[in-house]
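Commentary on secondary and tertiary structure
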Amino acid sequence: SEGDQRRSYVQLRLDNPTVWVAAVSGGIPNSLPTGSRVLFVCTANSARSQLAAAIWNQLSNTPATSAGTHPGPRIHPRAIAVAKRHGLRIHRNHPEPLEDVLHDNDLIVAVCDNAHEELSHALPRLHWSIPDPVPTNTSAAFERAYSDIDRRIHHLADLYAEAESAS
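As the structure is a computational prediction, the values presented were derived from the model and not from experiment. Throughout this document, residue positions are counted from 1 along each chain, in the order its sequence is written. It should be noted that, the model being predicted, local features are given only for residues of pLDDT at least 70 and side-chain atom pairs only at 80 or more, the latter also being counted only at that level, while totals for whole chains, interfaces and linings use all residues. Only hydrogens and water are set aside when side-chain values are computed; all heavy atoms of the structure are taken into account.

Topic: helix H4 (residues 77-85)
Within H4, the full set of buried residues consists of Ala 79, Val 82 and Ala 83. Buried residues in H4, looked at end-on, bunch into an arc of 105 degrees, giving them a common side. Positive backbone phi, approximately 75 degrees, marks Gly 87, located one or two places after H4. A 1.4 Å probe rolled over the protein chains alone gives each residue an accessible area, and that area as a share of the maximum for its type sets the label: buried under 20%, exposed over 50%, partly exposed in between. Helix and strand assignments follow DSSP, with helices taken as H or I runs no shorter than four residues and strands as E runs no shorter than two, numbered in order from the N terminus. Summarising the geometry, the arc corresponds to the directions from the helix axis toward the C-beta atoms.

Encoded structure:
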């Protein structure tokens, strides 16, 4: 965990066809929470959550936005650059605090450990443990974060569409 360094998070390798089939046949689409909007949350709202909302908004008709538990002063320039390289636009000019953005019916996706660990346990959400590219501050680190987020969002968008059509 980037947060308290005591927790460990595991993730399914959904790029492995066997794992994907097992996950889908295990009923994940029917248990996925849905909302009228997807809210991606990270600590500073300067990179991962911004990229996630931009990717989601390109793929889905369900709107997405992003927020931070402790918003930074600006969106990181390398996040803007990687978004542009992939044909995405980040729609905000500055990071937003979670309390100003959160709606009751949002599907919340915490894209970092710190945000996940800070959010109330009563607040239902998905958690993606994506390493923060900001401390490394290289184009390669931001590209890795983008690739990880993009892969996960494509899977989530497929599951989300299935869950919505089943309800």
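What about the environment of Ala 141?
With respect to the helices and strands, the residue Ala 141 is situated in helix H7 (residues 139-166). Taking the relative accessible area as the measure of exposure, Ala 141 reaches 7% and is therefore buried. In the structure, Ala 141 is positioned 63 residues away from Arg 78 in sequence and 9.4 Å away in space, judged by C-alpha atoms. Contacts were defined at the residue level, with two residues in contact if any of their heavy atoms lie within 4.5 Å. When residues no more than four places from it in sequence are discounted, the contact partners of Ala 141 are Pro 133 and Thr 136.

Some details on the nonpolar core
Nonpolar core, defined: a set of buried Ala, Val, Leu, Ile, Met, Phe, Trp, Tyr and Cys residues in which side-chain atoms within 4.5 Å join the residues together. Counting residues in each nonpolar core, the largest one holds 40 residues, and the members touching the most others are Val 38, Phe 40, Trp 56, Val 111, Trp 128 and Ile 153. Counting residues per element, the ones that place at least two in this core are strand E1 (37-42), helix H3 (48-59), strand E2 (64-68), H4, helix H5 (98-101), strand E3 (106-110) and H7. Residue contributions to this core peak at 8 residues, all from H7. Beyond its immediate stretch of four places on either side in the chain, Trp 56 contacts Val 38, Phe 40, Thr 62, Pro 63, Ala 64, Ile 153, Leu 156, Ala 157 and Tyr 160.

A short note on the pattern of salt bridges
Oppositely charged side chains can pair when the atoms bearing their charge come close. Definition used for salt bridges: Asp or Glu carboxyl oxygen within 4 Å of a side-chain nitrogen of Lys or Arg. Using the criterion set out here, one finds 5 salt bridges in the structure. The shortest N-O distance in the salt bridge between Asp 106 and Arg 37 comes to 2.7 Å. Within this pair, whereas Asp 106 is found in strand E3, its partner Arg 37 is found in strand E1, the two being separated by 69 residues in sequence. With respect to burial, Asp 106 and Arg 37 carry one shared label: buried.

Describing the packing of aromatic side chains
Centres within 6.5 Å make a pair out of two Phe, Tyr or Trp rings, where for Trp the six-membered ring is used; the pair is then stacked when the planes are under 30 degrees apart, edge-to-face when over 60, and tilted otherwise. Tallied over the entire structure, the rule returns 2 aromatic pairs. Each member of the aromatic cluster is reached from another via a ring pair, and the members are Phe 40, Trp 56 and Trp 128.

Side note on the environment of Arg 48
In this fold, Arg 48 is placed in helix H3. Here the alpha-carbon distance between Arg 48 and Phe 142, two residues 94 residues apart in the chain, equals 8.7 Å. Among the polar contacts made by the side chain of Arg 48, one reaches the main-chain carbonyl oxygen of Ile 130 at a distance of 2.5 Å. Under this definition, polar contacts are N or O atom pairs within 3.5 Å; protein pairs additionally need one hydrogen-donor-capable and one acceptor-capable atom, and for neighbouring residues in sequence, both atoms have to be side-chain atoms.

Brief notes about the confidence of the model for the protein
Low pLDDT means the predicted atomic positions in that stretch should not be read closely. Confidence in the prediction of the protein, expressed as mean pLDDT, is 84, and 77% of residues score 70 or more. In predicted models, pLDDT denotes the confidence assigned by the predictor to each residue on a 0 to 100 scale. Element-level pLDDT for the protein is lowest in helix H2 (residues 28-31), with a mean of 46, against a maximum mean of 97 in H4. Contacts of residues 24-30 to residues separated by more than four positions or lying in other chains number 8 contacts, the stretch itself having pLDDT below 50.

Points about the side chain of Thr 65
With respect to the helices and strands, the residue Thr 65 is situated in strand E2. A relative accessible area of 12% means that Thr 65 is categorised as buried. When sequence neighbours within four positions are dropped, the list of residues in contact with Thr 65 reads Arg 37, Val 38, Leu 39, Phe 40, Ala 53, Arg 92 and Val 101.

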